[in-house]
Amino acid sequence: MSTRVRATRKPNGASRARKTVVAKDESRATPASPKRQSIERAAARVFLRDGYAGASVDVIAREAGVSKATLYSYFRSKEELFGAIICQQCGQLVVEAQTSEAAGASPEQILRRLGERFLENILSPNLLALYRVVAGEAYRFPALGKTIYESGPGSARLALADYLRDLTKKGWLAVKHPEMAADQFFGSLLGGIHFRQILEIEAPPSKRTIEAWVDNAVAAFLTGYKPR
């Protein structure tokens, strides 16, 4: 897993962001084989349906149309397979802005883009369902919880912290504790909206609601860390 945040200064003093908040799993840099994709799709269905403890490798292999030996040639354990599913889903939480899209983008624009992508994906039905599975299983499988955190939220947090550290060096923000600030940013995005969706006590938010929520979080964050 690697994180990279780079920005170069234009001659006129404006920022040209070449890569925004980026977190990549290098092991997934090349397209997965059809068999691996079949295994991952089957595993996602089984884990969501049966939970982690109830999921059987035999059932996953059968639904994927492969042998157990083939499954184990791609994944050494059920834990590793579940971690791959989480990584695949959580990879969507991180924004990787292409050079053409991020050229000249301000920190406000970049954070807004990150926030919108983060909320849109973490509030998606698949990730909400995976969250419920994880919440019910992590206390019985501590190593699994660590794998899940490092595969998604943890890498996103470190990538954002690197970006905030870079902004502080340039004098655009004043962030003394970048990792803590990254936690605060993502925490302000989640707020109560995520918990209410987990409990299914309100309808999914509209795109306009998400945009307004993110705008408010970004404005408060940038005001709090503005250089004095």
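Please refer to the structure higher up on the page.
Here, residues in each chain are numbered from 1, in the same order as that chain's written sequence. Thresholds applied to this predicted model are a pLDDT of at least 70 for local features of residues and 80 or more for the giving and counting of side-chain atom pairs; totals over whole chains, interfaces and linings are not thresholded and use all residues. Hydrogens and water are ignored here; the side-chain numbers use all heavy atoms of the structure.

### What about the environment of Arg-165?
Point 1. Helix numbering and strand numbering both begin at the N terminus, where a helix is a DSSP run of H or I of at least 4 residues and a strand a DSSP run of E of at least 2. Within the secondary structure, Arg-165 sits in helix H9 (residues 153-169).
Point 2. Should any heavy atoms of two residues lie within 4.5 Å, those residues are counted as being in contact. If we skip the residues at most four places from it in the chain, Arg-165 touches Pro-178 and Glu-179.

### Considerations on the packing of helix H6 (residues 107-122) against helix H11 (residues 207-224)
Point 1. All axes are obtained by fitting lines to C-alpha atoms, using only the stretch in contact for helices, and the reported angles, taken between N-to-C directions, cover 0 to 180 degrees. For the pair H6 and H11, interaxial distance at closest approach is 9 Å and the crossing angle is 135°. Put simply, H6 runs oblique to H11. The crossing of H6 and H11 is right-handed. Residues Glu-108, Leu-111, Arg-112, Gly-115, Glu-116, Leu-119 and Glu-120 of H6 pack against Lys-207, Ile-210, Glu-211, Trp-213, Val-214, Asp-215, Val-218, Phe-221 and Leu-222 of H11.
Point 2. Of the residues that constitute the contact of H6 with H11, the class distribution is 8 nonpolar, 1 polar and 7 charged. Note that the term roughly parallel is reserved for angles under 35 degrees, roughly antiparallel for angles over 145, roughly perpendicular for angles of 65 to 115, and oblique for everything else. A crossing counts as left-handed when the near helix is turned anticlockwise from the far one by less than a right angle, and as right-handed when that turn is clockwise. Charged residues are taken to be Asp, Glu, Lys and Arg, nonpolar residues to be Ala, Val, Leu, Ile, Met, Phe, Trp, Tyr, Cys and Pro, and polar residues to be all remaining types, Gly included.

### Comments concerning the packing of helix H1 (residues 34-54) against helix H2 (residues 57-64)
Point 1. For the pair H1 and H2, the least separation of the axes is 8 Å and the interaxial angle reads 130°. Between H1 and H2, the crossing angle belongs to the class labelled oblique. Every pair of crossing elements has a handedness; the one defined by H1 and H2 is right-handed. Here H1 contributes Ser-38, Ile-39, Ala-42, Ala-43, Arg-45, Val-46, Phe-47 and Arg-49 to the contact with H2, which in turn contributes Val-59, Ile-60, Glu-63 and Ala-64.
Point 2. A breakdown of the residues in the contact of H1 with H2 according to their chemical character gives 8 nonpolar, 1 polar and 3 charged.

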